[in-house]
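Letter by letter, the chains look like this.
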Amino acid sequence: HPGEAQVLKHAACLLTFSLVSRKHVSSSPLLLVALVVSFGILKIAYDSRFVSNDNIANYISPHRIVRMTGRVIDLPRCSRYSVRFFVDADSLGNERARWPVVGGVVVSVRISGFQARLLDSLTYGRRVSCVGQLDVTGNVRNPGDFDIGRFYHINNIDARLRVVRF
């Protein structure tokens, strides 16, 4: 919960300040490094389990077509088969309703359905509206594999939109 995060931040600041003011840290820089790393790990662990009520991940339904609007937060990357870019979503809807949402989205568009002239217009801050299927960002397929879904969540990317109409 947000209140717990604030308490953790204030506790870390107070503890660091008290150590620095007493000159303990100057004699042991390793203690300061260990303290910073520990609080970093705690923050990542906390952030990875907290999802707000209006987060776009709460609206994932893989077989339902939705309209997502938001702002481009990363330039597009092209492959042989698709164009991929990231959007900070602000609303999601269908033909009956629209909901305010927060969270980053990986947007994937097939090259065959993408007009090349649109590629240059996908710049930082550009408002876009896409229609497609909202899905999870990814799962671990084999033991020991890199968890792309967790990586995206830590970086505030909580869903994937497979575009059917741009």
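As a starting point, this report considers the structure included with it.

Rules used in this analysis
- Residues numbered from 1 in each chain as written.
- Predicted model: local features only at pLDDT ≥ 70, side-chain atom pairs only at ≥ 80, totals over all residues.
- Heavy atoms only, no water.
- Helix = DSSP H or I, 4+ residues; strand = E, 2+ residues; numbered from the N terminus.
- Buried < 20%, exposed > 50% of the residue type's maximum accessible area, 1.4 Å probe, protein only.
- Contact = heavy atoms within 4.5 Å.
- Core = buried A, V, L, I, M, F, W, Y, C linked by side-chain atoms within 4.5 Å.
- Polar contact = N/O pair within 3.5 Å; in protein donor to acceptor, adjacent residues only side chain to side chain.
- Pairing = 2+ DSSP bridges.
- Phe/Tyr/Trp six-rings, centres within 6.5 Å; stacked < 30°, edge-to-face > 60°.
- Salt bridge = Lys/Arg side-chain N within 4 Å of Asp/Glu carboxyl O.

Looking at the environment of Val-131
Thought 1: Within the secondary structure, Val-131 sits in strand β5 (residues 127-135).
Thought 2: The exposure class of Val-131 is buried, given its relative accessible area of 4%.
Thought 3: In contact with Val-131, not counting residues within four places along its chain, are Ile-65, Val-66, Arg-67, Arg-162, Val-163, Val-164 and Arg-165.

Examining the nonpolar core
Across soluble globular proteins, you tend to see nonpolar side chains buried next to one another.
Thought 1: Ile-56, Met-68, Phe-85, Val-105, Val-107 and Leu-161 are the most contacted members of the largest nonpolar core, which has 21 residues in total.
Thought 2: Elements supplying a minimum of two residues to this core: β1 (65-78), β2 (82-93), β4 (104-110), β5 and β6 (157-165).
Thought 3: Per element, the largest residue contribution to this core is five residues, and it comes from β2.
Thought 4: Residues in contact with Phe-85, not counting those within four places in the same chain, are Val-72, Asp-74, Leu-75, Pro-76, Val-105, Val-106, Val-107, Val-109, Leu-122 and Phe-166.

Details of the environment of Asn-58
Thought 1: Structurally, the position occupied by Asn-58 is in the loop between α3 (29-49) and β1.
Thought 2: For the pair Asn-58 and Asp-158, spaced 100 residues apart in sequence, the C-alpha to C-alpha distance is 9.2 Å.
Thought 3: At a separation of 3.1 Å, a polar atom in the side chain of Asn-58 contacts the main-chain carbonyl oxygen of Asn-53.

With respect to the pairing of β2
Thought 1: Bridge count for β1 against β2 is nine bridges, and the pairing is antiparallel. When the sheet's bridge partners are listed, Arg-77 is paired in β2 with Arg-84.
Thought 2: The loop that links β1 with its antiparallel partner β2 comprises three residues.
Thought 3: Two elements, β2 and β4, share seven bridges in a ladder whose sense is antiparallel. Bridge pairing in β4 links Val-83 to Val-109.
Thought 4: Two strands pair when backbone bridges link them, and β2 and strand β3 (residues 98-100) are joined in this way by three bridges, in the antiparallel orientation. Within β3, the residue paired with Gly-93 across the bridge is Arg-98.
Thought 5: Linking β2 to β3, which pair antiparallel, is a turn of four residues.

So, the packing of aromatic side chains
The geometry of an aromatic ring pair is captured by the separation of the ring centres together with the interplanar angle, meaning the angle of the planes.
Thought 1: Inspection of every chain in the model, using the stated rule, returns four aromatic pairs.
Thought 2: Aromatic pair Phe-151 and Tyr-152: ring centres 6.0 Å apart, planes at 45°, arrangement tilted.
Thought 3: Taking the relative accessible area as the measure of exposure, Phe-151 reaches 40% and is therefore partly exposed.
Thought 4: Taken together through their ring pairs, the aromatic side chains of Phe-86, Phe-146, Phe-151 and Tyr-152 make up a single cluster.

Considerations on the pattern of salt bridges
Thought 1: Tallying each qualifying case throughout the model produces three salt bridges.
Thought 2: Note that Asp-74 and Arg-77 form a salt bridge whose closest N and O atoms lie 2.8 Å from each other.
Thought 3: A relative accessible area of 41% places Arg-77 in the partly exposed class.
Thought 4: When the shortest N-O distance is used, the salt bridge between Arg-127 and Asp-90 registers 2.7 Å.

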